[in-house]
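Topology and contacts: notes
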Amino acid sequence: MPDLRSLGLTFLSGCLLLGSGALLAGTGNRTDAPATLPGTQAFVLASPETGRDYLIQVAVPRRQPPAEGYPVLYVLDGNARFALTLAARDTLFSGSPADLPSPWLIVAIGYPGADRFDTDARAEDYTPPAQRLDDTGDPNNSPQGGAERFLAFLEARLKPAIADRFPIDARRSALLGHSYGGLFTLYTLLEHPSAFRDYIAISPSLWWNRGYLLERLTRLDRNLAGRRLLIGVGGEEQSPRPGEPPEKSRRRQANAMVDNARAAADHLRRNVPGLSVQFICFPGEDHGTVVWPAMRAALTRLHDGEVMAGGV
């Protein structure tokens, strides 16, 4: 198997991802026409629930769907993560025998007109509602607390739109988020566990709002039979960096990304029957660089789960 880390970095360094899901190629001083990623399409979907429009980018597997339809992976921060997820999926599945379960349909959820991140929109969409939102720790003082409205959009608008366009198996769906997206993923598992079968939370912002969600997760003790969770984090996420301003180092340590992620995984593994929990700490990776190895681990876990389940 090719080295996925080097492949992914080479792929991303040579391409500029546009908000429409296109790649812009340039030669010298001439800018050529945009070139789309093969097997992908995009559309904009309005949400009465949040009052926003969303850029939906979809990657369809090259293999024919099984009789029950494709499993679906929903990816948050779609502007930034779509090409990366597609590269991970296609690399992992490129040599798979035809009789193995079909690769996942990728549905990336982003924002029209954004380059990589719409800071205010994602902060509001991905953070849970809470009684107090005046000291959340958000570095940009963005709007907060819209997770229920955003989840209502996913359930009432996006999932039906995907089912109308593609042959899918609604029983096999996964949600993947990083940072605030990881926070939203864990919130959804806590409050609406039946929304997805698999939950993948990478570097979840469990420091948010004075540890509001972490405290709630560590009291969870109900049965979540049939649900699977992967929590990943970079091993260097709470370590000071050489030459870093002291204030930033203090905040990094106070956010305790590694300790919080491990604490959540440990509690859920011990106290929540029926929930399959995997925790991975990626050595040498920081908050940004962890996304590539974590994406590979996430797709591998989903694939292995399908093989063990016989693809059903």
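Since the structure is predicted, the reported quantities are computational estimates derived from the model, not experimental observations. (Residues numbered from 1 in each chain as written. Predicted model: local features only at pLDDT ≥ 70, side-chain atom pairs only at ≥ 80, totals over all residues. Heavy atoms only, no water.)

**Quick look at the overall build of the chain**
Broken down by element type, the chain carries nine helices and twelve strands. A buried classification covers 55% of the 312 residues belonging to the chain. Within the chain, contacts between residues separated by at least 24 positions form 73% of all contacts whose residues are at least 6 apart in sequence. (Helix = DSSP H or I, 4+ residues; strand = E, 2+ residues; numbered from the N terminus. Buried < 20%, exposed > 50% of the residue type's maximum accessible area, 1.4 Å probe, protein only. Contact = heavy atoms within 4.5 Å.)

**What about the nonpolar core?**
In this structure, Ile-56, Ile-109, Leu-158 and Ile-162 are the most contacted members of the largest nonpolar core, which totals 59 residues. Broken down by element, this core gets its largest block of residues, eight residues, from helix H4 (residues 147-165). (Core = buried A, V, L, I, M, F, W, Y, C linked by side-chain atoms within 4.5 Å.)

**Some details on the environment of Leu-302**
The topology assignment puts Leu-302 in helix H9 (residues 291-308). Distance in space between the C-alpha atoms of Leu-302 and Arg-172 is 9.8 Å, their sequence separation being 130 residues. Ignoring anything within four residues of it in the chain, the contact list for Leu-302 reads Leu-73, Trp-104, Ala-174, Asp-198, Ile-200 and Arg-228.

**With respect to empty space enclosed by the protein**
Overall, the coordinates contain three cavities of 30 Å³ or more when judged by the stated rule. In this structure, the largest cavity is lined by Arg-81, Leu-176, His-178, Ile-202, Val-291, Ala-294 and Met-295. The element that contributes the greatest number of residues to the lining of the largest cavity is H9, accounting for three residues. By residue class, the composition of the lining of the largest cavity is five nonpolar, one polar and one charged. (1 Å grid on protein atoms, 1.4 Å probe; cavity = no way out; pocket = protein on both sides within 12 Å on 5 of 7 lines; lining within 4 Å. Points joined across faces, edges and corners; volume = space filled by probe spheres on them. Nonpolar A, V, L, I, M, F, W, Y, C, P; charged D, E, K, R; others polar.)

**Structural notes on helix H6 (residues 208-217)**
Listing the buried residues of H6 in full gives Trp-208, Asn-209, Gly-211, Leu-213, Leu-214 and Leu-217. Elements in contact with the buried residues of H6: helix H5 (180-191) and helix H8 (257-271).

**Observations concerning helix H3 (residues 119-126)**
Most of H3 is tucked away, with six of its eight residues classed as buried. For H3, the set of buried residues is Ala-121, Arg-122, Ala-123, Glu-124, Asp-125 and Tyr-126. Buried positions along H3 lie against strand E6 (52-59), strand E8 (105-110), H4, strand E9 (168-178) and H5.

**Some points on the layout of surface pockets**
In this structure, the largest pocket occupies an estimated 680 Å³ of space. Forming the walls of the largest pocket are 24 residues, and the residues nearest its centre are Pro-139, Ser-179, Trp-207, Arg-251 and His-287. Put simply, the parts of the chain that give the lining of the largest pocket at least two residues each are H3 and helix H7 (246-255). For the lining of the largest pocket, the element with the most residues is H7, which contributes four residues. When its residues are assigned to classes, the lining of the largest pocket shows six nonpolar, eight polar and ten charged.

**Quick word on the confidence of the model for the chain**
Summarising the model, the chain shows a mean pLDDT of 87, and 85% of its residues fall at 70 or more. Across residues 1-27, confidence stays below pLDDT 50; counting only partners more than four residues off in sequence or on other chains, it has 49 contacts. For residues 307-312, every residue scores under 50 in pLDDT, and the model assigns this stretch ten contacts once sequence neighbours within four places are set aside. (pLDDT = per-residue confidence, 0-100.)

**Considerations on the packing of H3 against H4**
For the pair H3 and H4, the least separation of the axes is 6 Å and the interaxial angle reads 90°. Here H3 lies roughly perpendicular to H4, going by the angle between them. On the side of H3, the interface is formed by Glu-124, Asp-125 and Tyr-126, while H4 contributes Ala-147, Arg-149 and Phe-150. Per-class residue counts for the contact of H3 with H4 are three nonpolar, no polar and three charged. (Axes fitted to C-alpha atoms, helices over the stretch in contact; angles between N-to-C directions. Parallel < 35°, antiparallel > 145°, perpendicular 65-115°, else oblique.)

**Describing the sheet that holds strand E7 (residues 70-75)**
Pairing within the open sheet is mixed, and its eight strands lie in the order E5-E6-E8-E7-E9-E10-E11-E12. Each having just a single partner strand, strand E5 (40-47) and strand E12 (276-282) make up the two edges of the open sheet. Across the sheet, the axes of successive neighbouring strands diverge by a mean angle of 20°, strand direction being ignored. One ladder, built from four bridges, connects E7 with E8; its direction is parallel. (Pairing = 2+ DSSP bridges.)

**Considering the packing of aromatic side chains**
Scanning the model with the defined rule gives eleven aromatic pairs in all. Ring centres of Tyr-54 and Phe-153 lie 4.4 Å apart, and the angle between their planes is 20°; on these two criteria the pair is classed as stacked. Residue Tyr-54 is located in strand E6, and its partner Phe-153 is located in helix H4; the two are separated by 99 residues in the primary sequence. Centroid distance Phe-196 to Tyr-199: 5.9 Å. Interplanar angle 85°. Geometry classified as edge-to-face. Judged by relative accessible area, Phe-196 falls into the buried class, the value being 2%. (Phe/Tyr/Trp six-rings, centres within 6.5 Å; stacked < 30°, edge-to-face > 60°.)

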